[in-house]
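Geometric and topological summary
Each chain, letter by letter, is given below.
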Amino acid sequence: MSVKSLIINPGSTSTKIGVFEDETLLFEETLRHTTEEIAQFSMIVDQKDFRKKIITDLLASKNFDIHSLDVVVGRGGMLKPIPGGTYAVTDDLLEDLKVGVQGQHASNLGGILAREIGDEIGVPSYIVDPVVVDELMPIARYSGHPDLPRTSVFHALNQKAVAKRYAREIGKSYEELRLIGVHMGGGVSVAAHEYGRVVDVFNALDGDGAFSPERAGAVPVGKLIGLCFSGKYTEKEVRKMLTGNGGFNAYLGTNDMREVTKRANEGDEKAKEAKEAFLLQVSKDIGSMACVLNGRVDQIIVTGGIAYGEDVVAGLKERCGWIAPFTVYPGEDELLALAQGALRVLNGEEEVKTY
């Protein structure tokens, strides 16, 4: 029997929804919200009724019977660190999404909306592989000072989805493979997947690994301390320099890798050099994760929007092809990944997890 699911993926100025029958997309929409609409709410959780009405109104406009759904799935938010998997939106999970135990983020609304809509029509509600998935081995948490432990914040949903997709395509289980996942989008995360767990990862948000279109990645700590205490910048300004205005934005004034490549191909030496530096840094991250896996790597999985650039992938292969073969899944189909997470539970392939 087929499973019909409503998928909800909230962003800061949009809400993406999709309706699936098993893995077949019936329809999807990106519902955009103006700055003025969002500004009227002081807290993320306060947007719940506003976004819910937009979703239900859209479904009604398509004459879609919401009671035909079997499950509602939301994007997971800034919860406490948890292992990967599909989680039921329990009362405890719901409360932590509302409070935002690791921060206020639009993705917190995913589980909140899924639970409310699911309860109203009498079907289960889930979240899948939120960004706070944390499966690090203990020694990967060491940074050099106990007050500054390394943490796991990365593109867990897409990394896990493409790793499982690769395993399925070669007729193996995710739990028997050793993979390096490379997500390249607005942020970059490079992870070591060992037998179904991400045992080490470069934090995609908070000062780890390669720079990206919008993020500075790891920067010289001494210079950063000097900048922080120079009196020239507020804490908010420094954070924005590192996350949002860092990376290609800082070097070239663009966060579009296609624009970087175009300028480099047209003879812009600064763009060419910055692009080569990016490839070097991502390659160094891949090499690091190969060491985490003791050099025994079954496959390097490359994904994210930047993976559409064949020249970028070729540059990584040139430096890292000796480590393991590459498989490329460009883009990030988050709606499908969320639907697949629910399907694995409802079809008995995985146990639903409790927060």
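Now for a look at the structure at hand. Note on numbering: residues in each chain are counted from 1, in written sequence order. Two thresholds apply to this predicted model, a pLDDT of at least 70 for residue-level local features and 80 or more for giving and counting side-chain atom pairs, whereas whole-chain, interface and lining totals are computed over all residues. Only heavy atoms go into the side-chain values, all of them from the structure, while hydrogens and water stay out.

1. Notes on the sheet that holds strand β5 (residues 86-88)
- Between any two strands, pairing holds if DSSP finds at least two bridges. Only DSSP runs of H or I reaching four residues or more are called helices, and only runs of E reaching two or more are called strands; each is numbered from the N terminus. One open sheet holds the six strands; their spatial order is β3-β2-β1-β4-β6-β5, and the pairing between them is mixed. Strands with a single pairing partner mark the edges of an open sheet, and in this sheet they are β3 (24-32) and β5. Along the sheet, successive strands turn relative to each other by an average axial angle of 25 degrees, direction set aside.
- Pairing of strand β1 (residues 4-10) with strand β2 (residues 14-21), which is carried by seven bridges, proceeds in the antiparallel orientation. Its bridge partner lying in β2, P10 is registered against T15.
- We call two residues in contact when some of their heavy atoms are within 4.5 Å. The angle between two axes is taken between their N-to-C directions and runs from 0 to 180 degrees, where each axis is a line fitted to C-alpha atoms and a helix contributes only its stretch in contact. Helix α12 (residues 334-346) rests against β1, β2, β3, β4 (71-75), β5 and β6 (125-128) of the sheet, and its axis sits at about 120 degrees to β6.

2. Focus on helix α11 (residues 310-320)
- Exposure is judged per residue with a 1.4 Å probe applied to protein chains only, and the accessible area is read against the type maximum: over 50% gives exposed, under 20% gives buried, and values in between give partly exposed. Taken as a whole, α11 has its buried residues at V312, V313, G315, L316 and C320. Along the long axis of α11, the arc covered by the buried residues comes to 155 degrees, so they all point the same way. Relative to its buried face, α11 has exposed residues pointing more than 90 degrees away, namely E310 and E318.
- Residues of α11 that are buried in the fold lie against β7 (178-184), α9 (257-265), α10 (269-292), β10 (299-304) and β11 (326-330). Arc definition: it is the arc formed by the directions from the helix axis to the C-beta atoms.

3. Observations regarding the packing of aromatic side chains
- Pairing of aromatic side chains requires ring centres within 6.5 Å, counting the rings of Phe and Tyr and the six-membered ring of Trp. Pairs whose planes differ by under 30 degrees are stacked, by over 60 edge-to-face, and all others tilted. The final tally for this structure, using the stated rule, is six aromatic pairs.
- Between F211 and F278 the ring centres are 6.0 Å apart and the planes differ by 55 degrees, which places this aromatic pair in the tilted class. One end of the pair, F211, is in the loop between β9 (197-201) and α6 (221-228); the other, F278, is in helix α10, with 67 residues separating them in the sequence. Taken individually, F211 and F278 each receive the classification buried, so the pair is uniform in this respect.
- Their ring planes at 50 degrees and their centres at 5.4 Å tell us that F248 and F278 sit as a pair that is tilted. Taken together, the positions of F248 in helix α8 (residues 248-252) and F278 in helix α10 put the pair 30 residues apart, joining distant regions of the chain.
- The ring of F27 has K62 sitting right over it, with the charged end atom 5.1 Å from the ring centre. By definition here, charges over rings are those cases where NZ of Lys or CZ of Arg is within 6 Å of the ring centre and within 35 degrees of the ring normal.

4. Overview of the pattern of salt bridges
- Whenever a carboxyl oxygen of Asp or Glu lies within 4 Å of a side-chain nitrogen of Lys or Arg, that contact is scored as a salt bridge. All chains considered together, the criterion is met by 23 salt bridges.
- Residue K48 pairs with D49 through a salt bridge whose shortest N-O separation is 2.9 Å.
- For D49, a relative accessible area of 48% gives the class partly exposed.
- Linking D96 and K80 is a salt bridge whose minimum nitrogen-to-oxygen distance equals 3.7 Å. Of this pair, D96 sits in helix α3 (residues 91-99) while K80 is found in the loop between β4 and β5, placing the two residues 16 residues apart along the sequence.
- Owing to a relative accessible area of 45%, K80 belongs among the partly exposed residues under this scheme.
- By sharing partners, the salt bridges in this structure join K48, D49, K52, E116 and E120 into a single network.

5. Points about the pairing of β4
- With five of five residues buried, β4 lies mostly within the body of the structure.
- Judged by which residues are buried, β4 turns out to be covered on both faces: V71, V73 and R75 on one side and V72 and G74 on the other are all buried.
- Bridging between β1 and β4 involves four bridges; their strand directions are parallel. Note that in β4 the partner of L6 across the bridge is V72.
- Sheet topology note: the β4/β6 ladder contains four bridges and is parallel. Following the sheet pairing, R75 is matched in β6 by V128.

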